[in-house]
Amino acid sequence: MANKSSAHESLLKPGSLSGYGSGEDSTDATLSYQNVVYAVRVQNKGPCRPSEEKVILHDVSGIMRRGMNAILGPTGSGKTTLLDILAGRKDARGMKAGQVLLDGRPLPTNFKCISGYVIQDDIIMGTLSVRENLQFSAALRLPRSIGEKEKRARVDMVINELGLEDVAESKIGTEMMRGISGGERKRTNIGMELITSPSVLFLDEPTTGLDAFTAVSVMRLLHQLSRRGRTIVFSIHQPRYAIFKLFDSLTLLGNGRTIFHGHPERALEFMAANGYKCEDRENPADFFLDVIQKAAETKGDEDQTVLSLATNYASSPAHKGVLASIEEHRNSVVSINQTAFDRSAQPTGYATGFLYQLFYVSKRTAINLFRNPMLSVLQWITSVIFGLLVGGIYFQLSDTNPSKGIQNRVGAFFFLIMNMIFANMSAVQIFISMRPIFKHESLSGYYRVSAYFFAEVICDVIPLRIIPTTILASITYWMIGLTPDVDKFFIFVLDLNLTTLAACSMAFLMSSLVSTQAIATLLLALIYVFSMLFGGLLVNLETLPSAVRWFNYLSIFRYGLEGLSTNELKGMEFCPSKDRINGSCLHPGNMTGTDYLDSQGFTSNIWITQIALGAILVGVLFLTYLRLVLMRKTK
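This structure is a prediction, so every number in the text was calculated from the model and none was measured.

Trainee: Help me understand the pairing of strand S3 (residues 67-72), please; the structure alone is not making it clear to me.
Mentor: Counting buried residues along S3, 6 of its 6 residues qualify, which places the element largely inside the surrounding structure. Relative to strand S8 (residues 231-236), S3 runs parallel, the two being bridged by 6 bridges. Across the sheet, Ile71 pairs through a bridge with Ser235, a residue of S8. Note that S3 and strand S9 (residues 249-254) share 4 bridges and pair parallel.

Encoded structure:
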């Protein structure tokens, strides 16, 4: 029993992870910030009014030591902005002045990857169990030098530490799947960050969405973690008294200004000295917020109240003591074996390699797809039904009448290409639904953007695009009665698959560009309609004005339809039955398949259309990947 307890402490002790900390004896991590000014550009209303710079934080200073460090203030006071600056997650261009130090030195470049950050919203894969989510974090955030057995042990210890034993095998839950409770979800989110045993843990509004009892339970859990040597920094809006008692340090913010920073008891004394006394039975947290938002009639009065408190604090002994502590912290010489972050041992990149990341992200995506079988099964069933429908309508087309034979074949091709394109509108949700998870995990160093991109694309196109398209092509080709040639059949399958993938890539690009699915779907439908308009069937390409004719070179519809038509009709002769003798036609019809292709301005080279579809596919996928790389992940 003693050995188990010892292992428990060792695995959960902050800074104990080899390569991420300096050793098991180093637990404390101290953050300090001084004279921080942060501003953002805001666009004024009106077409002719330029943007202006808005200051979010005004010359704030403080120090966060081991324990529970709360940042309290009303909505819009700058709590989350300060938290993100301390966590190194804010756009550096907004920092107009000041600096943040960790153990007396600037933040390491990979601080975002080696500290923990729990965002306000719970963003974990709902179809995975608690244990599976934690195992995913362990697999990608712990170095390869740590064996699988130790990783599993670390996951077990985190589950025990967070009191999640009873729900370890339960699914998190989605809109369509009942899962664990809100408090258990929050603890799982915290566990995802505790996997690396970070010495510093940041939380943005950890009690949001929780009932009073659950909120206290979560905060007591954080308090226990802080007593093991962690520096826990969190923003919070309006905590109850049971939570307020857990604070070791309190930062009061109002309109981006520091009203007080220090021990919570000293905050009450500071307020009393400024004429604001907290009644005996009043919750101090509510009292502070009431003072900051002092029932003012106008915004100007509120600003004046906050400014007066901030000015009084700036000249108070409490503030001078904070500045002295920051100066002492900055000037202190911290040896490597005394700091919670050994910079010489920290990895400069990701904990794992590209292929390792690709495997685990693909595995998670595949599990998510497998546990949501309706989409894939529905795609396959729809392909069978649609294939039988098209095959039945165009069953065994005649090759005796040139007008009917050509019209019916081209009509069938048009119908198939239209389905291949518009059926892929479901792909528009792929990067929209996963955007919050991707941004958080990418910023926290789980994986490279390339690993995520290839995993999502591969796990989408194979089961949801390629397999259903191949099923449909195999049914329709032989039912329609197209040329019974194996080479032509495989070109037919290739053309439909390339058309599907090219259309799917357009959906991927739109999904990466637009965050709202309804808007993305509307824009994607517009692109598909334009592609159909310049496809070569509704309008003869030769009759288009030269100013707009070039649009057809970007039309997926055109290349897909042209490929199928060329594959089937090139060299084909339509011969009445009475003119057939021993398979030869004595008097062929007036129009051959080649004549039709020429009349439509179609190329006679089947591979040009396939190369064009492939080029569109690769080009659009590259733009999608580029968009994910450039997507703003900092706040």
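Trainee: Would you mind going over the packing of aromatic side chains with me for this structure?
Mentor: Two numbers describe a pair of aromatic rings. These are the distance of the centres and the angle of the planes. Under the definition given, this model contains 30 aromatic pairs. Members of the aromatic cluster, connected to one another through ring pairs, are Phe136, Phe354, Phe431, Phe438, Tyr446, Tyr447, Tyr452, Phe453, Phe454, Phe508 and Tyr625.

Trainee: Got a minute to help me understand the side chain of Ser505 in this structure?
Mentor: Looking at where Ser505 falls in the secondary structure, it is placed in helix H19 (residues 486-513). At 2.5 Å, the side chain of Ser505 forms a polar contact with the backbone oxygen of Ala502. Contacts of Ser505, omitting those with residues within four sequence positions, involve Ile616, Leu617, Val620, Leu621 and Thr624.

Trainee: Quick question: what am I supposed to make of helix H7 (residues 212-226) here?
Mentor: Residues spaced three or four apart along an α-helix point in a common direction, a consequence of the helix completing one turn every 3.6 residues. In a regular helix each residue adds 1.5 Å, so 15 residues correspond to 21 Å; H7 covers 21 Å between its end C-alpha atoms and thus fits that length. The inward-facing, buried residues of H7 abut S3, helix H5 (148-161), helix H6 (182-194), strand S7 (200-204), S8 and helix H8 (241-244).

Trainee: Can you walk me through the sheet that holds S7 in this structure?
Mentor: The sheet built from 6 strands is open, its strands ordered S6-S7-S8-S3-S9-S10 with mixed pairing. Two strands close off the open sheet at either side, each with one partner strand: strand S6 (116-118) and strand S10 (257-262). Strand-to-strand, the axes of this sheet are offset by a mean angle of 15 degrees, without reference to chain direction. Strand direction decides the pairing type here: S9 and S10, joined by 5 bridges, are antiparallel. By the bridge assignment, Leu250 is partnered in S10 with Gly262. Packed on one face of the sheet, H6 meets S6 and S7 and runs near 165 degrees to S6.

Trainee: Can you walk me through the packing of helix H18 (residues 449-480) against H19 in this structure?
Mentor: Geometrically, a packed helix pair is captured by the angle between its two axes and the distance between the axes. Orientation of H18 relative to H19, taken along the N-to-C sense of each, is 145 degrees, at an axis distance of 9 Å. As for the relative orientation of H18 and H19, their crossing is right-handed in sense. Here the contact of H18 with H19 is built from residues that sort into 14 nonpolar, 6 polar and 3 charged.

Trainee: Mind showing me how you'd approach the environment of Ile259 here?
Mentor: Tracing the backbone shows Ile259 in strand S10. Sequence-wise, Ile259 and His319 are 60 residues apart; in three dimensions their C-alpha atoms are separated by 9.7 Å.

Trainee: Hey, could you run me through the sheet that holds strand S4 (residues 95-102) in this one?
Mentor: Pairing between sheet strands relies on hydrogen bonds along the backbone, with the strands arranged either parallel or antiparallel. If you trace the 4 strands from one edge of the open sheet to the other, you get S2-S1-S4-S5, paired in antiparallel fashion. Of all strands in the sheet, those bounded by a partner on one side alone are strand S2 (52-64) and strand S5 (105-106). Across 9 bridges, strand S1 (residues 31-42) lies against S2 in antiparallel orientation. In the strand pairing of S2, Tyr38 is matched with Leu57.

Trainee: Whenever I open this one, the pairing of S8 confuses me. Can you help?
Mentor: Counting buried positions along S8 yields 6 of 6 residues, so the element is predominantly enclosed. Here S8 shows no split at all, with Thr231, Val233 and Ser235 on one side and Ile232, Phe234 and Ile236 on the other all buried. In terms of strand pairing, S7 meets S8 through 5 bridges, oriented parallel. When the sheet's bridge partners are listed, Leu203 is paired in S8 with Phe234. Assessed by its sense of winding, the connection that carries the chain from S7 through H7 to S8 is right-handed.

Trainee: Could you clarify how one ought to interpret the pattern of salt bridges in this entry?
Mentor: Any two side chains of opposite charge can pair, so long as their charged atoms come close to each other. Under the criterion given, the structure shown has 16 salt bridges. Of the charged contacts, one joins Lys186 and Asp122 as a salt bridge, the two residues approaching to 3.4 Å between their closest N and O atoms. Of this pair, Lys186 sits in helix H6 while Asp122 sits in the loop between S6 and helix H4 (130-141), and the two are 64 residues apart along the sequence. On the accessibility criterion, Lys186 (1% relative accessible area) is buried. Between Glu568 and Arg409 there is a salt bridge, with its nearest N and O atoms 3.2 Å apart. You can see Glu568 sitting in helix H22 (residues 556-569) and its partner Arg409 sitting in helix H15 (residues 402-422), a full 159 residues away along the chain. The pair Glu568 / Arg409 is uniform in exposure class, with both members buried. Linked through salt bridges whose partners overlap, the residues forming this network are Asp122, Arg185 and Lys186.

Trainee: Before we go on, may I ask you to explain helix H10 (residues 284-292) in this structure?
Mentor: Counting buried positions along H10 yields 7 of 9 residues, so the element is predominantly enclosed. Of the residues making up H10, those classed as buried are Pro284, Ala285, Phe287, Phe288, Leu289, Val291 and Ile292.

Trainee: Is there a simple way to explain the nonpolar core in this structure?
Mentor: Among soluble globular proteins, nonpolar side chains are generally buried collectively. Membership of the largest hydrophobic core comes to 162 residues, with the highest contact counts inside it found for Ile190 and Phe202. In terms of residues, this core owes the most to one element, H19, which gives 14 residues. With residues up to four places along the chain from it excluded, the contact list for Ile190 reads Val118, Leu162, Leu201, Leu203, Val218, Leu222 and Leu225. Residues Ile406, Val410, Tyr596 and Leu597 belong to the second largest nonpolar core, which totals 8 residues.

Conventions used here
Residues numbered from 1 in each chain as written. Predicted model: local features only at pLDDT ≥ 70, side-chain atom pairs only at ≥ 80, totals over all residues. Heavy atoms only, no water. Buried < 20%, exposed > 50% of the residue type's maximum accessible area, 1.4 Å probe, protein only. Helix = DSSP H or I, 4+ residues; strand = E, 2+ residues; numbered from the N terminus. Pairing = 2+ DSSP bridges. Phe/Tyr/Trp six-rings, centres within 6.5 Å; stacked < 30°, edge-to-face > 60°. Polar contact = N/O pair within 3.5 Å; in protein donor to acceptor, adjacent residues only side chain to side chain. Contact = heavy atoms within 4.5 Å. Expected span 1.5 Å × (residues − 1). Axes fitted to C-alpha atoms, helices over the stretch in contact; angles between N-to-C directions. Left-handed = near helix turned anticlockwise from the far one by under 90°. Nonpolar A, V, L, I, M, F, W, Y, C, P; charged D, E, K, R; others polar. Right-handed = clockwise from strand over helix to strand, strands pointing away. Salt bridge = Lys/Arg side-chain N within 4 Å of Asp/Glu carboxyl O. Core = buried A, V, L, I, M, F, W, Y, C linked by side-chain atoms within 4.5 Å.

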